[in-house]
Amino acid sequence: MRKVTQQQIMALAVNATALNNARKICSGNKFISHLRSEDDTFYMGECKGSGKSNYTVSVDFIEESAPVFRCTCPSRQLPCKHGLALLLEMEAGKEFQICEIPQDILDKRAKKEAREAKKAEAAADPQKKKKVNKAARSKKMKKQLEGLAMLEKMIAELLDNGLGTMGGVSLKSYRELAKQLGDYYLPEPLNLMNRLILEMEKYQEDWDNAHYENAVQILVRLRALTKKATVYLSEKLETGNMEDDDSILYEELGGIWTLERLQELGLTKADARLVQLAFSTRYDEATKEYVDVGYFMDADKGEIHVTYNYRPVKVRQRIKEEDSIFDMIKIPLLHYYPGGINQRVRWDKWTLEPLNDELRAHLMQMAQSDLALMAKQVKNQIKNTLSEDSVAVAIQFRRIGKLVLPSTESTPASLKQPKEQAAEASMKQTIAYQLEDAAGNRITLRDKKGEKETVSLLAALSARSLFENQVLFGMVYYDAFDHQLCMQPYSILTKKAIVRLWN
C-alpha cells in the first residue's frame, strides 16, 4: 500500500481550513468504503456529505509527482476536503479493498497522455512554436506607450512641484490616474502608483518621515521604469520584434510567463533539489492580494531562489495557499524567471524526501563565507533601480555577537536635569547584534523597515551553539539612516536543524 506523509498532505492542501475540515471528516468516520487498484496507482472512497447522496472521491497517482484529485462534491477547491481526507485515511493505515480502475479514469488517463505527447512533440520541434499575433501586440505596445507618456508627464510635475503637492483634493486626481494605467496595460506602474499614493496618505496621517522617504524611493523607481519601458517598447516597435524575451521588463509590463516559454528560452534545470530556508505570507495593500513568499537554497549550486504565490482577496479561497516545507523538494524540471541574484523559480511536478543531517551540513558548506565579497555582489544588485532593494543571502559566520548601545532620546536632553540624564542613560539601552565572518568582517543585524521583526527573536534562542560557526540566512539591504549594509535574519542553518525566525 502506498505511503503518504503528513508533510505531503500539508503541501497539497489548498489552505489550513481545508486540511482541518478533512481531519474532521476522518475523525467523524465519514468514509463508508475504501478502495484501491492492485497496481497501487488509484485510490477511491465513498464519503458521507451534507447532501442526500454520498460523494465519490478519488486520487490518481499514475503520475507520482502530480496526483490528480476528483470528487463529486460541488467544491471548486482542488484538492477538496474530501480528497485530503482520503489521503489522511491512507496515512492512517486504513484498509483499502482491491478494485478495478473505472473505465472513465482509464479514458482520462489516455487523453492526458495524448496531450502530454503533443506538448512534448511541439517543444522538440521549434517549427511548431505558437506564432505571435504581431498586429495585436503592436496595438498593445502603442497603447502602453501612450500610458507611459501620460505617466512621464505626471512624474515631471511631481519632481518640479514636490511630493508635498500630493495632498487633499489632488490625491483624488492621482487615484484616477492610477485607474487609467490599468486601461493602458501597465500593471507594475499601476502598482507603484498605488504604493506612492498609500505612502503619501499615511504621511498626511502621522507625518512620519519614513513614509515620505518611501514615497521618494517609489517615485524614483517609477521614473526609471517609465523611461526604460519607453525605450524597450519603442525598440520592439521599430524592429518589428514582438517576441517575448528574457528581459525583466516583459513581466513588469504585464507579460505572463508560461512554463513552455521559459523552457524555450533555456531557463530550466533538470533534476533540481531545493531546500526551503524561510517562508511567510504578507498582505499587499496596494494590489489587494496575499503573497506567499518562500526562499529556497539549491542543494547543488548553493544559489538562493524565491517563489511567489499570489492570492487576490476576491478569489483567495479558490487559490492554493502555500506553506512551510521542511523536507527536501526534488523537481524533475525547475523553471527560472529572468532576474538577478535571487531568481524566481517555479515547477509543476515534485516529490519530497526527508532532510537529514548530512544534507544540512552540505548546505552549510554551499553558503557564502566572505562578507566583503557578498557585500560587493549585493551593492551591484541593488544599485539597479529596477531591482529589489534587498538580496537574500546565506552566509557562514564565526559568531554572532551582542552589542549594548544607548537608546535614542525621545525628550531633548536640554529639558532634563543632569541627574535625570545620567539615570536614564544607565537605564535606556538597546541590544544590537552583529555577525562576524572567519576573516573578522562584520555586518549589523537589523530589521528592515516594514518587515516583520526578527532580530528581537535572537534573544529568545537559549542554545549558545546557534551563535557560533553556523550559517545565517536573511535579507541584506542598504540602511539609509546609518549609510551601511545591514542584514535581517530569517533563519539559522545548523547540521541538526533550520531554526526559522521569519514566518
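Computed from a predicted structure; not experimentally measured.

Some words on the overall build of the chain
Scanning the chain from terminus to terminus reveals 13 helices and 17 strands. Along the first, second and third principal axes, the C-alpha atoms of the chain reach 85 × 65 × 45 Å. By sequence separation, contacts in the chain at least 24 residues apart represent 64% of the contacts at least 6 residues apart. Counting only carbon and sulfur atoms, one obtains 51% of the accessible surface of the chain, whose full area is about 27300 Å². Each charge sign in the chain was given a centre, from 74 positive and 70 negative side chains, and these centres are 2 Å apart.

So, a negative patch on the surface
Side chains of Glu205, Asp206, Asp208 and Glu213 sit close together on the surface and give a patch of like negative charge. Positionally, Glu205 belongs in helix α7 (residues 187-206). The class of Glu205 is exposed, set by a relative accessible area of 67%.

Brief notes about unusual backbone geometry
Among all residues save glycine, negative phi is the norm, and among peptide bonds the norm is trans. Geometrically, the link from Leu78 to Pro79 is a cis peptide bond, its omega value of -5° lying close to zero. Structurally, the position occupied by Pro79 is in the loop between β4 (68-71) and α3 (81-91). Positioned with a positive phi, Lys288 is a non-glycine residue whose angle comes to about 55°. With respect to the helices and strands, the residue Lys288 is situated in the loop between β6 (268-284) and β7 (289-298). We classify Lys288 as partly exposed; its relative accessible area is 46%. Positive phi is not limited to glycine here, since Asn469 has a value of about 55°. Among the structural elements, Asn469 can be located in strand β15 (residues 468-479).

Topic: the pattern of salt bridges
Throughout the structure, instances matching the rule amount to 31 salt bridges. Here Arg261 makes a salt bridge to Glu264, at a shortest N to O gap of 2.9 Å. Of this pair, Arg261 and Glu264 are both found in helix α10 (residues 259-264), three residues apart, which corresponds to roughly one turn of the helix. Taking relative accessible area as the criterion, Glu264 reaches 42% and is therefore assigned partly exposed. Here Arg442 and Glu436 are joined by a salt bridge, their closest N and O atoms 2.9 Å apart. Judged by its relative accessible area of 6%, Glu436 is buried. Taken together, the salt bridges that share partners define one network made up of Glu243, Asp244, Arg261 and Glu264.

Here we look at the side chain of His211
Tracing the backbone through its elements, the reader meets His211 in helix α8 (residues 209-239). For His211, the side chain forms a polar contact with the side chain of Glu199, separated by 3.0 Å. Apart from residues lying up to four places away in sequence, His211 is in contact with Glu199, Lys202, Tyr203 and Asp206.

Thoughts on the sheet that holds strand β5 (residues 97-99)
Spatial strand order, β4-β3-β2-β1-β5: five strands in an open sheet with mixed pairing. Looking at the sheet topology across the chains shown, the edges are occupied by β4 and β5. With strand direction ignored, the average angle separating the axes of adjacent strands in the sheet is 25°. The sheet contacts of α3 involve β1 (31-37), β2 (42-47), β3 (55-60) and β4, and relative to β3 the element is tilted by about 65°.

A closer look at the confidence of the model for the chain
Looking at the chain as a whole, the pLDDT averages 89, with 92% of positions reaching at least 70. Taken as a whole, residues 408-417 scores under 50 in pLDDT and shows eight contacts with residues more than four places along the chain or in a different chain.

As for the packing of α7 against α8
Two numbers describe how α7 lies on α8: the axes approach to 8 Å, and their chain directions differ by 160°. Relative to α8, the element α7 is oriented roughly antiparallel. Both α7 and α8 take part in a crossing whose hand is left-handed. Contact with α7, carried on its side by Glu188, Pro189, Leu192, Met193, Arg195, Leu196, Glu199, Met200, Lys202, Tyr203 and Asp206, involves Asn209, His211, Tyr212, Asn214, Ala215, Ile218, Leu219, Arg221, Leu222 and Leu225 of α8 and no other residues of that element. In the contact of α7 with α8, the residues fall into twelve nonpolar, three polar and six charged.

Considerations on the nonpolar core
Formed by 51 residues in total, the largest nonpolar core has its most connected members in Met154, Met166, Met193 and Leu196. Here this core takes nine residues from α8, the largest share from any one element. Ranked by size, the runner-up nonpolar core spans 25 residues in total, among them Val306, Met328, Leu493 and Ile498.

Some points on helix α5 (residues 134-161)
With 28 residues, α5 extends 40 Å between its outermost C-alpha atoms, agreeing within 8% with the 40 Å of an ideal straight helix rising 1.5 Å per residue. When α5 is considered as a whole, its buried residues turn out to be Ser138, Met141, Gln144, Leu145, Gly147, Leu148, Leu151, Met154, Ile155 and Leu158. Once α5 finishes, Gly162 follows within two positions and takes phi at roughly 95°, a positive value.

About the thresholds
Residues numbered from 1 in each chain as written. Predicted model: local features only at pLDDT ≥ 70, side-chain atom pairs only at ≥ 80, totals over all residues. Heavy atoms only, no water. Helix = DSSP H or I, 4+ residues; strand = E, 2+ residues; numbered from the N terminus. Contact = heavy atoms within 4.5 Å. Areas by Shrake-Rupley, 256 points an atom, 1.4 Å probe, with all protein chains shown as cover. Lys, Arg positive; Asp, Glu negative; His and termini not counted. Charge placed at Lys NZ, Arg CZ, Asp CG, Glu CD. Patch = residues over 30% accessible without salt bridge, like charges linked within 9 Å, V, L, I, M, F, W, Y side chains within 5 Å. Salt bridge = Lys/Arg side-chain N within 4 Å of Asp/Glu carboxyl O. Buried < 20%, exposed > 50% of the residue type's maximum accessible area, 1.4 Å probe, protein only. Polar contact = N/O pair within 3.5 Å; in protein donor to acceptor, adjacent residues only side chain to side chain. Pairing = 2+ DSSP bridges. Axes fitted to C-alpha atoms, helices over the stretch in contact; angles between N-to-C directions. pLDDT = per-residue confidence, 0-100. Parallel < 35°, antiparallel > 145°, perpendicular 65-115°, else oblique. Left-handed = near helix turned anticlockwise from the far one by under 90°. Nonpolar A, V, L, I, M, F, W, Y, C, P; charged D, E, K, R; others polar. Core = buried A, V, L, I, M, F, W, Y, C linked by side-chain atoms within 4.5 Å. Expected span 1.5 Å × (residues − 1).

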